[in-house]
Amino acid sequence: MKYTVATLLTLAASPALAASKNPFSGDFWHLDNTDMIVLVSFLIFVGVLLYFKVPSMLMGLLDNRATGIRSDLDEAKALREEAQTLLASYERKQRDVQEQAKRIVDDAKAEAARSAEQAKEDIATSVERRLASATDQIESAKAAAIRDVRNQAVAVAVAAARDVIAKQTTAEDADRMIDDSIAEVGAKLH
């Protein structure tokens, strides 16, 4: 049915009808008539197109193109909906992040205040420790100075005693004291 309607429409629109000669007269159907040659060539061309199913291929290509466009539109619509969903999600996340950032800043300020207070306490404790350490060092230096003075006094006294003993001791007394010292050391070591 499709082909008969297409053939009739083709014939109706053919250049033969537009020619000056009537296609239904006897003069039209001679080989020297160019209008007839054009009509026959046109019909052969249309026949070749129909034989190789060019119209159905064209319709298939158009249908495929329409299907592709429809699928592209559906995909674009789905992508648009997905983009709107993502936008809403990102806007929620942005609000959440802003709230979280505000909480972090507030916590950081509070922590800084606590750290400042703790630093003040630590500095006070450190000053007290250093004062106590300085006091201990002063006491230690005082004790060391007293010890040094005593040691010097002992050294001077020992030197003076040695000089006195050296002047008063004879060689025999010295030998006897050395022997007694050696014997006492030997007894303590064994």
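This text goes with the structure placed above it.
Residues numbered from 1 in each chain as written. Predicted model: local features only at pLDDT ≥ 70, side-chain atom pairs only at ≥ 80, totals over all residues. Heavy atoms only, no water.

Please give an account of the packing of aromatic side chains that cites residues and values.
Counted by the stated rule, this structure contains one aromatic pair. On the basis of an interplanar angle of 80 degrees and a centroid distance of 5.1 Å, the ring pair of Y51 and F52 is categorised as edge-to-face. Neither Y51 nor F52 differs from the other in exposure class; each is exposed. (Phe/Tyr/Trp six-rings, centres within 6.5 Å; stacked < 30°, edge-to-face > 60°. Buried < 20%, exposed > 50% of the residue type's maximum accessible area, 1.4 Å probe, protein only.)

Break down a nonpolar patch on the surface for me, citing the residues and quoting the values.
Taken together, V40, I44, V48, Y51 and F52 make up a surface patch of nonpolar side chains, about 530 Å² in accessible area. Within the secondary structure, V40 is located in helix α3 (residues 34-51). Taking the relative accessible area as the measure of exposure, V40 reaches 34% and is therefore partly exposed. (Patch = residues over 30% accessible without salt bridge, like charges linked within 9 Å, V, L, I, M, F, W, Y side chains within 5 Å. Areas by Shrake-Rupley, 256 points an atom, 1.4 Å probe, with all protein chains shown as cover. Salt bridge = Lys/Arg side-chain N within 4 Å of Asp/Glu carboxyl O. Helix = DSSP H or I, 4+ residues; strand = E, 2+ residues; numbered from the N terminus.)

Kindly report on the pattern of salt bridges, identifying the contributing residues and their values.
Here the structure, examined in full by the defined rule, presents three salt bridges. Across the pair K102 and D106 runs a salt bridge, and its minimum N-O distance is 3.8 Å. Here the residue K102 and the residue D106 both occupy positions in helix α4 (residues 54-168), the gap between them amounting to four residues, near one helical turn. We note a salt bridge from E184 to K188, for which the minimum N-O separation is 3.4 Å. Here E184 pairs with K188, and both are found in helix α5 (residues 171-189), just four residues apart, close to one helical turn. Look at E184 and you get partly exposed, because its relative accessible area is 48%.

Can you break down a negative patch on the surface residue by residue, with the values?
Residues E172, D175, D179 and D180 make up a contiguous surface patch of negative charge. Along the chain, D179 turns up in helix α5. (Lys, Arg positive; Asp, Glu negative; His and termini not counted. Charge placed at Lys NZ, Arg CZ, Asp CG, Glu CD.)

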